[in-house]
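Each chain is listed here by its residues.
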Amino acid sequence: MDTPTKRGISSWCVCEREMEKWRVVKLVFLVICILGWEIKSINGATDPNDVSALKGMYSSLNSPPQLAQWSGDDPCGQSWTGITCSGSRVTEIKVAGLGLSGSIGFQLAGLTSVTNLDVSNNNIAGDIPYSLPPNLQQLNLANNKFTGGLPYSISQMTSLKYLNVGQNQLQNQLSDTFSQLSSLSTLDVSSNTMTGNLPQSLSLLSSMTTMFLQNNQFTGNIDVLANLPLKNLNVANNQFTGWIPEQLKSIDLQTGGNPWSSGPAPPPPPGTPPANEGNRNHKSGGNDSPAGTGAGNQSKSSGIGGGGIAGIVISLIVVGAVVAFFLVKRRSRRTSSDIEKLDSQPFAPLASNEIHELKSVETSSGIKTVTFDAPALINLRPPPTDRSKSFDDEDVSRKPPIVVKKAVTAPINVKSYSIADLQMATGSFSVDNLLGEGTFGRVYRAQFDDGKVLAVKKINLSAFRDDLSEDFVEIVSNISSLHHPNVTELVGYCSEHGQHLLVYEFHNGNLHDFLHLSEENSKPLTWNTRVKIALGTARALEYLHEVCSLSIIHKNVKSTNILLDTELNPHLSDSGLATFVRNADQAVDSGYGAPEVAMTGQYTLKSDVYSFGVVMLELLSGRQPFDSSRPRSEQSLARWAIPQLHDIEALSKMVDPALKGLYPVKSLSRFADVIALCVQPEPEFRPPMSEVVQALVRMVQRTNMSKRTFGSDQGVSPRADNIPDTQDYMS
């Protein structure tokens with residue numbers, strides 16, 4: 001019988017169990033809510049790098065209303081037009097046929113998860129930027145207004161399967177950038193105005209099945225395509241010559257509109273297997289030919305059937321085996337007796353014919369041979385006839401060492417000029433055509449008969465290593481492979497009569513002259529232009545340091561090597577030359593050299609970063625890097641300016657007076673922050689050029705976003721024409 005106390009305890013236990021259940025339920029519910037919130041936030045939030053890259057692309061495309069959603073801040077969570085995501089990363093950008101204009105920007109390299117970029121069938125113009133998503137599998141830029149050529153960065157896209165740049169305005173040569181694109185199966189460069197011969201690296205496209213090269217101005221032959229696994233090839237309406245390879249005549253091939261060579265084609269190179277070799281061997285018949293074939297009929301006409309021939313062959317083999325058996329047995333007896341004689345006379349020399357006989361017995365017979373240590377017992381010297389064909393040890397030691405130099409093929413994408421051509425174009429290198437003189441030589445203005453104006457650099461041999469004649473082809477080959485909108489393009493070379501010259505594209509002048517030698521009546525560089533020059537030069541160094549397959553240290557970054565075109569876009573000159581210079585320390589004495597270079601003479605990528613920081617100081621202050629006319633404490637621009645970069649009042653006094661106060665204060669401060677990073681004394685603390693480029697781009701974007709309130713900044717003219725525009729910086 002339960003007592004009141006027992007019933008109370010029982011009720012308390014039941015109540016406690018119920019409360020415990022509710023606690024568990026509440027805990028589970030709370031966990032589910034937290035997980036749900038986390039999952040939602042993960043799916044909704046986009047990687048900041050992807051957001052920044054897409055916003056930069058949106059701005060470069062002139063902020064089109066067709067992509068109005070792109071003005072938000074969450075591409076994946078807000079389902080932007082043309083954007084596909086996986087988790088927080090953007091994987092596809094497909095904005096084809098939307099009537100877009102402008103450019104696609106220069107900061108797409110941060111989109112590392114994007115595998116498909118399709119901006120085809122729009123009105124996008126300008127050069128194809130080198131900074132593209134690095135892991136692309138499909139790239140479609142067709143039917144736009146792109147100019148220039150294929151950027152070198154495409155050569156690093158090892159996952160690329162589809163590349164279409166057809167129906168644009170590309171006019172450069174097809175660069176030799178295909179050696180690592182083993183996955184590329186479709187290539188379309190049709191309907192442009194591309195020139196030159198097909199690069200050799202096309203022969204390495206082991207997955208290539210479809211190639212469209214029609215409607216261009218390609219020259220040379222198409223032999224590099226002969227062994228590709230092509231199914232479709234269109235090379236119509238070009239300037240191809242030579243003969244169509246036999247291997248390509250069995251595929252879907254279009255070749256009209258080319259001046260192909262007539263007459264019989266030359267024989268293939270030695271070692272080339274003939275076409276359809278296996279089929280021809282099969283048709284020739286043989287002993288296994290079926291009855292009624294050509295082989296069978298031929299046998300019957302001789303009166304002996306196939307079986308009779310086989311019987312004769314077998315009989316000859318049997319007779320030969322029997323004869324060989326007796327000969328071997330007889331010689332083996334003789335060999336045994338010879339060995340016994342050797343045992344009794346261990347130091348007797350063997351005649352050369354006896355040695356040959358022993359070897360022939362041992363190798364030709366099926367009988368187990370007797371081995372002995374003849375070399376250990378007898379000094380077997382080679383016969384005199386053999387000695388006359390060999391060297392003694394002394395003879396070898398007297399021979400000079402053979403030096404094998406690596407083969408460097410002459411570049412095919414630049415023109416070879418004669419000395420006579422360049423003398424006529426430069427007026428025999430007259431002083432009137434002298435543009436300037438630097439460490440590597442004098443530069444002359446050259447005007448050719450067709451009206452084209454180029455710049456000719458006459459190499460100063462004393463600045464280079466003694467073997468320049470042997471290295472010059474390598475120099476030209478290396479420089480001709482550099483292709484970037486902000487790197488001066490090499491268009492030709494000359495190597496005759498001990499003279500070595502490089503022919504470059506021509507530009508109006510250099511940054512040093514615009515900053516320091518401008519006439520009073522000329523228009524000074526505006527703040528917008530100075531930032532544009534800094535950003536373009538930074539992109540050139542980023543290309544040399546981080547995009548080229550082998551990093552290139554410029555070693556001579558200074559304002560005289562930054563050339564400006566008619567639109568004041570920068571072009572970095574002398575890229576790739578410093579590798580062959582005897583002593584590349586010219587920048588140290590001129591105020592551009594990093595501290596570690598002055599101490600050790602050794603250059604690194606970070607030395608270029610420091611020199612670029614000094615160039616930025618020139619742009620900010622209008623002062624020369626080293627000016628002996630100033631007080632001693634101000635002669636070195638870097639030493640004088642670095643301590644003042646974070647002092648806003650001192651910074652405002654440091655600005656170039658030619659700007660007359662027409663600059664955004666916040667932009668000036670951010671510009672100084674980038675300089676401070678670049679000119680740090682310790683090289684390990686200087687940023688790579690890619691981070692410098694990103695910092696300058698962010699500075700431009702922030703200035704552009706705040707331009708409506710720009711007039712409220714102190715010390716800035718509120719005039720509209722002083723408001724910085726992203727397009728000014730990105731061009």
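Everything below is about the structure printed above this text.
Residues numbered from 1 in each chain as written. Predicted model: local features only at pLDDT ≥ 70, side-chain atom pairs only at ≥ 80, totals over all residues. Heavy atoms only, no water.

Caption draft 1: View of the sheet that holds strand β17 (residues 441–447). Reading across the sheet, the six strands line up as β15-β19-β20-β18-β17-β16 and stay open at both edges, with mixed pairing between neighbours. This sheet does not close on itself; its edge strands, each paired only once, are β15 (415–416) and β16 (434–438). Direction of pairing for β17 relative to strand β18 (residues 453–459): antiparallel, over a ladder of seven bridges. Its bridge partner lying in β18, Tyr444 is registered against Val456. Relative to β17, helix α10 (residues 419–426) is tilted by about 75 degrees, and along the sheet it contacts β17, β18, β19 (490–496) and β20 (499–505). (Pairing = 2+ DSSP bridges. Helix = DSSP H or I, 4+ residues; strand = E, 2+ residues; numbered from the N terminus. Contact = heavy atoms within 4.5 Å. Axes fitted to C-alpha atoms, helices over the stretch in contact; angles between N-to-C directions.)

Caption draft 2: Broad picture of the environment of Gln200. In this structure, Gln200 sits in the loop between β9 (195–197) and β10 (210–212). In this structure the C-alpha to C-alpha distance between Gln200 and Ser175, which are 25 residues apart in sequence, comes to 9.6 Å. When sequence neighbours within four positions are dropped, the list of residues in contact with Gln200 reads Asp176 and Val224.

Caption draft 3: Inspection of the packing of helix α16 (residues 605–621) against helix α19 (residues 665–678) at higher detail. Where α16 meets α19, the axes come as close as 8 Å, and the angle between the chain directions of the two elements is 150 degrees. Between α16 and α19, the crossing angle belongs to the class labelled roughly antiparallel. In this structure, α16 meets α19 at a crossing whose hand is left-handed. On α19, the residues that touch Val609, Tyr610, Phe612, Gly613, Met616, Leu617, Leu619 and Leu620 of α16 are Leu668, Phe671, Val674, Ile675 and Cys678. Among the residues making up the contact of α16 with α19, the classes are represented as 12 nonpolar, one polar and no charged. (Parallel < 35°, antiparallel > 145°, perpendicular 65-115°, else oblique. Left-handed = near helix turned anticlockwise from the far one by under 90°. Nonpolar A, V, L, I, M, F, W, Y, C, P; charged D, E, K, R; others polar.)

Caption draft 4: How the structure looks around the environment of Arg630. For Arg630, the location among the structural elements is in the loop between α16 and α17 (637–641). Assessed through its relative accessible area of 30%, Arg630 is described here as partly exposed. The residues contacting Arg630, other than those within four sequence positions of it, are Arg623 and Gln635. (Buried < 20%, exposed > 50% of the residue type's maximum accessible area, 1.4 Å probe, protein only.)

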